[in-house]
Amino acid sequence: MERTAGKELALAPLQGWGEETEDGAVYSVSLRRQRSQRSTPEGPGDDQAAIPAADTFLQYRTSKVRALRAARLERLVHELVSGDREQDPGFVPAFLATHQAFVPTARVLGFLLPPPPPPPPPPGVDSKRAERQDQSFSKNLRAVVSVLGSWLRDHPLDFRDPPAHQNLGSVRIFLDWAAPGGAEAREAEKLLEDFLEEAKREQAEEEQRLAWAGPLRAAQSPRSEFVEDFEEEESHSSEGPELLDFSVDEVAEQLTLMDVELFLRVRTCECLGSMWSQRDRPGAAGISPTVRATVAQFNAVTSCVLGSVLATPGLAASQRAQRIEKWIRIAQRCRELRNFSSLRAILSALQSNPIYRLKRSWGAVSREALSTFRKLSQIFSDENNHLSCRAVLSQEETTEGPHDDGCLPGSLPSKLPPGPVPYLGTFLTDLVMLDTALPDMLKGNLINFEKRRKEWEILARIQQLQQRCQLYSLSPRPPVLAALRAQHQLSEEQSYRVSRVIEPPAASCPSSPRIRRRISLTKCLRSCPGRRTLPLVGVPGIHPHQPPVCLQGLLHPVLETETLLLAVLQPPQGPRAPPTR
């Protein structure tokens, strides 16, 4: 039988074999196939003689690989120190990234930090035995120091416990004894200084805010909240240019700058389904603050689009179409900047009912802009669990910059493109679904660490994206940022009212663009028994499928634009108020 030279067997390099139980811990066992050095058959004659390629063959060796799948907490912490990192390199990072889902930091440190060393042996005791004990203790000590170094470097906020920061204090005392003057001890010292400096800065800012808020509140007279907000926004808008007065590039770049800064601050452990799904429960206002900040930014961008398109009822359809077209161009520029967060926010606002139903305005939008709008909307189609969005994001992650001529084959490019900035809601959805589908504990009161490994796969991807986002080099533009903050924003009720004032329901006009409108800004999961349904990425203020509110008495043709808008912004009186959701 003739065999092609160099042809390898098409076998998977890692094959599942089963499970093993050892000291109450469950390990998953796999067989790893690795290629050995290429060999040639020995034969008589000169060793330097050329051997036909067909006579060469490949050798493989198979090794057993174990990965901890479930165990009690004591065994998991023991594995941090004594585990084989070559066989299971993902255990330590997975544990450090997900441990807060099943155990607090203080309890881990209680198991991790070793007791003081044993006293020296009395005279007459076997010196070799004492020496072996000292070597074992020193080896264990070095392993603990290594784990603490990785923990301080990769998850420093785990040790933030104001005002005393007791966990960090315990780590500093241990490192000063176990590795005095080492990199780990210096890292702990610097981290404590940063925490204390941050506390002083926050206290000063809070005192300044209270000092300014007191006189201002005392000077205000009781007025309608809606009218007050409207006049405040009007005063801001009269002080400087409006948001859409700036170029497409300026607006898109500043949105990307804001999204990057917030995404870099996201703590991956706050994205875990067991933490994020609890955010709406009583007393959980402080859960996942960095994730909440990204959601708030998403909502703010959506509100800016609604406010800029709807806030002036007196505009002609062609003028409103120009505003819609500019937001489409801003969305396209965000796509070019690989900012999928603001891209999703802009598209969600344009697809919401208050804007989507403006048929006259959409009828005046150019064909080129409508084509761009449809293509961008296809990215976030909800078909097949948002397969299109996932595929585009994966493609952007693997995009590499040009290689230099001097780069070795297979080496990383000298300049990676920045980003992408993801839409965080996709990862939050996956993590909540994972938390719902897999149990936290297994039979025998064992922690299901296999679940934590799957969660770590998603968190590791978020961390990789954060590293890529550090490559952005965007400069803040204060005028654009001020316009973003001053942009008039409308609530959910106000958006529907103003939309009905702009185009009454009976208007006959060209159709809105035919795109899939199933994209909703509020995603909900059907939780397992015992858990109530909670929104994943709550975007208050917009509900695309809620029937629009129609108010009678607000469509009088003789009303001026300003009077009409003030009437719409004021809450309706009596029984005509729309039902609250």
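Computed from a predicted structure; not experimentally measured.

> Help me get a handle on the overall build of the chain, residues and values and all.
The helix and strand tally for the chain stands at 21 helices and five strands. The 581 residues of the chain split such that 44% are buried. Residue pairs at least 24 apart in sequence account for 75% of intrachain contacts in the chain once pairs closer than 6 positions are excluded.

> Account for the packing of aromatic side chains, naming residues and giving values.
In this description, a pair of aromatic rings is defined by centroid distance and the angle of the planes. Under the definition given, this model contains eight aromatic pairs. Ring centres 5.6 Å apart and planes at 45° place the aromatic pair Phe 298 and Tyr 423 in the tilted group. Placement of Phe 298 in helix H10 (residues 289-310) and of Tyr 423 in the loop between helix H16 (387-397) and helix H17 (424-437) is noted, with a sequence separation of 125 residues between them. There is no split in this pair, since Phe 298 and Tyr 423 are both buried. Among the aromatic residues, those joined into a ring-pair cluster are Phe 91, Phe 95, Phe 102 and Phe 449. Lying over the aromatic face of Tyr 27, Arg 66 brings its terminal NZ or CZ to 3.9 Å of the ring centre. Taking NZ or CZ as reference, Arg 344 lies 4.4 Å from the ring centre of Tyr 423, over its face.

> Could you give me a rundown of helix H1 (residues 73-82), with the residues and numbers involved?
The buried count for H1 comes to seven of 10 residues, which makes it a mostly enclosed element. Turning to H1, its buried residues are Leu 73, Arg 75, Leu 76, Val 77, Glu 79, Leu 80 and Val 81.

> So what's going on with the layout of surface pockets? Which residues, and what values?
Estimates place the volume of the largest pocket at around 740 Å³. For the largest pocket, the lining is made up of 26 residues, of which Leu 157, Asp 158, Arg 160, Phe 195 and Arg 267 are closest to its centre. Listed by contribution, the elements that provide at least two residues to the lining of the largest pocket are helix H4 (127-154), helix H6 (183-219) and H10. Of the residues that constitute the lining of the largest pocket, the class distribution is nine nonpolar, six polar and 11 charged.

> Give a detailed account of the pattern of salt bridges, specifying residues and quantitative values.
Under the definition given, this model contains 26 salt bridges. The salt bridge involving Arg 267 is made with Asp 158; its shortest N-O contact spans 2.7 Å. Within this pair, whereas Arg 267 is found in the loop between helix H8 (248-264) and helix H9 (273-276), its partner Asp 158 is found in the loop between H4 and helix H5 (166-178), the two being separated by 109 residues in sequence. Of the two residues, Arg 267 and Asp 158, neither departs from the other in class, the shared state being buried.

> Mind laying out the packing of H1 against helix H2 (residues 91-98), listing which residues take part and the relevant values?
Taken N-terminus to C-terminus, the directions of H1 and H2 make an angle of 135°; their axes are 10 Å apart at the nearest point. Of the possible angle classes, the one that applies to H1 and H2 is oblique. By crossing handedness, the relation of H1 to H2 is classed as left-handed. Two secondary-structure elements touch here, H1 through Leu 76, Val 77, Glu 79 and Leu 80 and H2 through Phe 91, Val 92 and Phe 95. Tallied by class, the residues present in the contact of H1 with H2 amount to six nonpolar, no polar and one charged.

> Mind laying out the environment of Thr 290, listing which residues take part and the relevant values?
As for its position among the elements, Thr 290 is in helix H10. On the accessibility criterion, Thr 290 (16% relative accessible area) is buried. Distance from Thr 290 to Thr 268, taken between C-alpha atoms, is 9.3 Å for residues 22 residues apart in sequence. Other than its neighbours up to four places away in sequence, Thr 290 contacts Arg 265, Val 266, Arg 267 and Glu 270. At 3.1 Å, the side chain of Thr 290 forms a polar contact with the backbone nitrogen of Arg 267.

> How would you explain H16 if you had to name every residue and give the values?
Among all positions in H16, only Cys 389, Val 392, Leu 393, Glu 396 and Glu 397 are buried. Viewed along the axis of H16, the buried residues span an arc of 140°, placing them on a single side of the element. Looking at the buried residues of H16, the elements they touch are helix H11 (317-336), helix H12 (340-351), helix H15 (367-379), H17 and helix H18 (449-469).

> So, empty space enclosed by the protein: which residues are in play, and what are the values?
Gaps between atoms show up when a probe of the same size as a water molecule is rolled over them. Applying the stated criterion across every chain, the model contains five cavities of 30 Å³ or more. Taken together, 15 residues make up the lining of the largest cavity; nearest its centre are Thr 294, Val 295, Ser 341, Pro 422 and Leu 424. Those elements that provide at least two residues to the lining of the largest cavity are H8, H10 and H17. No other element matches H10, which puts four residues into the lining of the largest cavity. Here the lining of the largest cavity is built from residues that sort into 10 nonpolar, four polar and one charged.

> Could you give an account of the nonpolar core, with specific residues and numbers?
Of all hydrophobic cores here, the largest spans 116 residues; its most connected members are Leu 148, Ile 330, Ile 346 and Leu 350. For this core, the element with the most residues is H10, which contributes nine residues. When neighbours within four sequence positions are excluded, Ile 346 is seen to be in contact with Leu 255, Val 301, Val 305, Trp 327, Ile 330, Ala 331 and Cys 334.

> Tell me what's going on with the environment of Tyr 27, and back it up with residues and numbers.
Along the chain, the position of Tyr 27 falls in strand E2 (residues 25-35). In this structure the side chain of Tyr 27 is engaged in a polar contact, spanning 2.8 Å, whose partner is the side chain of Arg 75.

> Just give me the short version of unusual backbone geometry, but keep the residues and values in it.
Note: most peptide bonds trans; most residues except glycine with negative phi. For the bond from Pro 162 to Pro 163, the omega torsion is 5°, close enough to zero to count as cis. At the junction of Gly 419 and Pro 420, the peptide bond is cis and its omega measures out at 10° in the coordinates. Mapping Pro 420 onto the fold places it in the loop between H16 and H17. A positive phi angle, close to 55°, is found at Asp 23, a residue other than glycine. Topologically, Asp 23 is positioned in the loop between strand E1 (14-22) and E2. The class of Asp 23 is exposed, set by a relative accessible area of 69%.

What counts as what
Along each chain, residue indices are assigned from 1 in the same order as the chain's sequence is written. Side-chain atom pairs in this predicted model are given and counted only at pLDDT of 80 or more, local residue features only at pLDDT of at least 70, and totals for whole chains, interfaces and linings cover all residues. Remark: hydrogens and water are excluded; side-chain values derive from all non-hydrogen atoms of the structure. Each helix corresponds to a stretch of at least 4 residues labelled H or I by DSSP, and each strand to a stretch of at least 2 residues labelled E; elements are numbered beginning at the N terminus. Here's how the labels work: a residue is buried when its accessible area is under 20% of the maximum for its type, exposed when over 50%, partly exposed in between, all with a 1.4 Å probe on protein chains only. Any two residues whose heavy atoms approach within 4.5 Å at even a single point are treated as in contact. Think of it this way: a Phe, Tyr or Trp ring, Trp meaning its six-membered ring, pairs with another when their centres are within 6.5 Å, and the plane angle makes it stacked under 30 degrees, edge-to-face over 60, tilted otherwise. Only when the NZ of Lys or the CZ of Arg is both within 6 Å of the ring centre and within 35 degrees of the ring normal is a charge said to sit over the ring. Cavities and pockets were defined on a 1 Å grid built from protein atoms only: a cavity is a group of points that admits a 1.4 Å probe but offers it no way out, a pocket is an open group of points flanked by protein on both sides within 12 Å along at least five of seven lines, and a lining residue is one with an atom within 4 Å of any such point. Grid points are joined across faces, edges and corners, and a volume is the space filled by probe spheres set on the points. Under the scheme applied here, ten amino acids are nonpolar (Ala, Val, Leu, Ile, Met, Phe, Trp, Tyr, Cys and Pro), four are charged (Asp, Glu, Lys and Arg), and all others, including Gly, are polar. A pair is scored as a salt bridge if a Lys or Arg side-chain nitrogen falls within 4 Å of a carboxyl oxygen belonging to Asp or Glu. In this analysis an axis means a line fitted to C-alpha atoms, helices contributing only their contacting stretch, and an angle means the value between N-to-C directions, from 0 to 180 degrees. Roughly parallel means an angle under 35 degrees; roughly antiparallel means over 145; roughly perpendicular covers 65 to 115; every other angle is labelled oblique. Two helices crossing with the near one rotated counterclockwise from the far one by less than a right angle form a left-handed crossing, whereas a clockwise rotation gives a right-handed crossing. Identification of polar contacts relies on pairs of N or O atoms within 3.5 Å, with a donor-acceptor requirement for protein atoms, meaning one able to donate a hydrogen and the other able to accept it, and with residues adjacent in sequence counted only if both atoms are side-chain atoms. Within this analysis, the arc is defined by the directions that extend from the helix axis to the C-beta atoms. Buried Ala, Val, Leu, Ile, Met, Phe, Trp, Tyr and Cys residues form a nonpolar core when they are joined through side-chain atoms within 4.5 Å.

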